[in-house]
Amino acid sequence: MRVEDFIKIINAEFYTGVPDSQLKSLCNYLMTKYGIDPKHHIIAANEGNCTALAAGYYLATGKVPVVYMQNSGEGNIINPVASLLNDNVYGIPVIFVVGWRGEPGIHDEPQHIYQGKVTVKLLEDMDIESFVISKDTLTEEVSDVMNKFRDNLSKGKSVAFIIGKGGLSYDGEANYVNNNVMCREDIIRHIVNISGEDPIISTTGKASRELFEVRVENGQSHKQDFLTVGSMGHSSSIALGVAINKPNQKIWCIDGDGATLMHMGSMAVIGASAPNNLVHIVINNEAHESVGGMPTVASKIDLVGIAKACGYCYTACVDNFESLDMVLLEAKACEKLVFIEVKSAIGARDDLGRPTTTATENKKNFMEYLIRI
Ligand SMILES: Cc1ncc(C[n+]2csc(CCOP(=O)(O)OP(=O)(O)O)c2C)c(N)n1
């Protein structure tokens, strides 16, 4: 159905979410209509934050908010849904709009398969009634369901629309750009060149896909890379766990700004643990590029300042390849906890592939590599 019709039916005034490729139509519509406007549309750091922000909106206005997210975000909402929204606690109604990756019967990547299988059940377990909008769903059906849902909402119960592939469509286009010049794939090429044989833990989304392809292009194997295909925001903590237990080995983490923001508390813990063999690199394109390019708030914050305040010993921010190579060489040579912010343009190759090894093969090869070094 057309996203404009869906918006009319749910008739909400406030939307908050984390972008998702399956919800590109909704995200692009909201960005076109509102941009980022605190009164109507906020892209939050993670889906749990969205849920709490939506609760605050409800407390202040009495109106029902919308939280949109990929189903990967269900884990992040469970705590505020169970202990804040649920009608055994405050009974705060929210309309969730959930992109259904890994829908059973539809081919998808490994990180989406289990999550896709339990998407509806998790909502049921959270006492959230849901309705699936597929590409064949009629506008009138959604309208009828929403009329029924209004009853749940009036009783302080949340509801969800689960959006299958092609469930929502939007003819408008949104174009996301910034002023940076380096592209993420080239940045990764430079990191690969200088990190040499060192292990790399890379973040969710296209960065890991690009790392995989750069290895292929170089005729290298993938054994030293752990591609965090799911679990957005957690690659730096994985890298911390590896770095602490491989103290004589330099460990590199390639992170994204959206992922860093999603679980930024990890930076404080990394700083406090201060392993002198970890290099945490954030490729900052100020966007959720992998799912369509919608903005993060990373253009508005001082990531290096945050890293310094968290206790990273060597920090740098670079916006050109000469400086990038210089700081990567310093990071390689020094025995300090390093943080590097790399300013990146928004975009990726259209023909970017996906890892051809399975996630379990990746784990096995990586563990075998770590044992040997
Ligand atoms: C918990 C969770 N929410 C949402 C997603 C969907 N998702 C995958 S990649 C991505 C964007 C990542 O942005 P960033 O870290 O800035 O990297 P970029 O894509 O810009 O390189 C999102 C939102 C997800 N995988 N997991």
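Because the structure is predicted, anything quoted here is derived from the model rather than measured.

Caption draft 1: Structural context of the site of the ligand. Taken together, 25 residues sit near the ligand, with Gly 205, Gly 256, Gly 258, Glu 289 and Ser 290 positioned nearest. For the shell around the ligand, the elements supplying multiple residues, two or more each, are α8 (206-217), α10 (257-262) and β11 (287-288). Of the residues that make up the shell around the ligand, three or more belong to each of domain 1 (3-163) and domain 2 (184-372).

Caption draft 2: Local environment of the domain arrangement of the chain. Here the domain parsing of the chain yields domain 1 (3-163) and domain 2 (184-372). If you average the C-alpha positions of domain 1 and of domain 2, the two centres end up 30 Å apart. Across the contact, 14 residues belong to domain 1 and 16 residues belong to domain 2. Where the side of domain 1 that touches domain 2 is concerned, the elements lending two or more residues are α2 (24-33) and α5 (110-125). For the side of domain 1 that touches domain 2, the element with the most residues is α2, which contributes 3 residues. Class assignment for the residues of the side of domain 1 that touches domain 2 results in 7 nonpolar, 4 polar and 3 charged.

Caption draft 3: Layout of helix α4 (residues 74-85). The end-to-end C-alpha distance of α4 is 14 Å, clearly below the 16 Å that 12 residues give at a rise of 1.5 Å each. Listed in full, the buried residues belonging to α4 are Glu 74, Asn 76, Ile 77, Pro 80, Val 81 and Leu 85. End-on view of α4: buried residues confined to an arc of 140°, all on one side of the axis. Facing away from the buried side of α4 by over 90 degrees, the exposed positions are Asn 79 and Ser 83. At its buried positions, α4 is contacted by α3 (47-61) and α5.

Caption draft 4: Structural context of the pairing of strand β5 (residues 129-133). Bridging between β5 and strand β6 (residues 159-163) involves 5 bridges; their strand directions are parallel. Its bridge partner lying in β6, Val 132 is registered against Ile 162. Running through helix α6 (residues 139-154), the crossover from β5 to the neighbouring parallel element β6 is right-handed.

Caption draft 5: Representation of the sheet that holds strand β8 (residues 225-227). One open sheet holds the 6 strands; their spatial order is β8-β7-β9-β10-β14-β13, and the pairing between them is parallel. Two strands bound the open sheet, and with one partner strand each, they are β8 and β13 (314-318). On average, each strand axis in the sheet is tilted by 15° relative to the strand beside it, whichever way the strands run.

About the thresholds
Residues numbered from 1 in each chain as written. Predicted model: local features only at pLDDT ≥ 70, side-chain atom pairs only at ≥ 80, totals over all residues. Near = placed C-beta within 6 Å. Helix = DSSP H or I, 4+ residues; strand = E, 2+ residues; numbered from the N terminus. Domains from an automatic or database assignment. Contact = placed C-beta atoms within 7 Å. Nonpolar A, V, L, I, M, F, W, Y, C, P; charged D, E, K, R; others polar. Expected span 1.5 Å × (residues − 1). Buried ≥ 20, exposed ≤ 12 C-beta atoms within 10 Å, placed from the backbone. Arc of directions from axis to C-beta. Pairing = 2+ DSSP bridges. Right-handed = clockwise from strand over helix to strand, strands pointing away. Axes fitted to C-alpha atoms, helices over the stretch in contact; angles between N-to-C directions.

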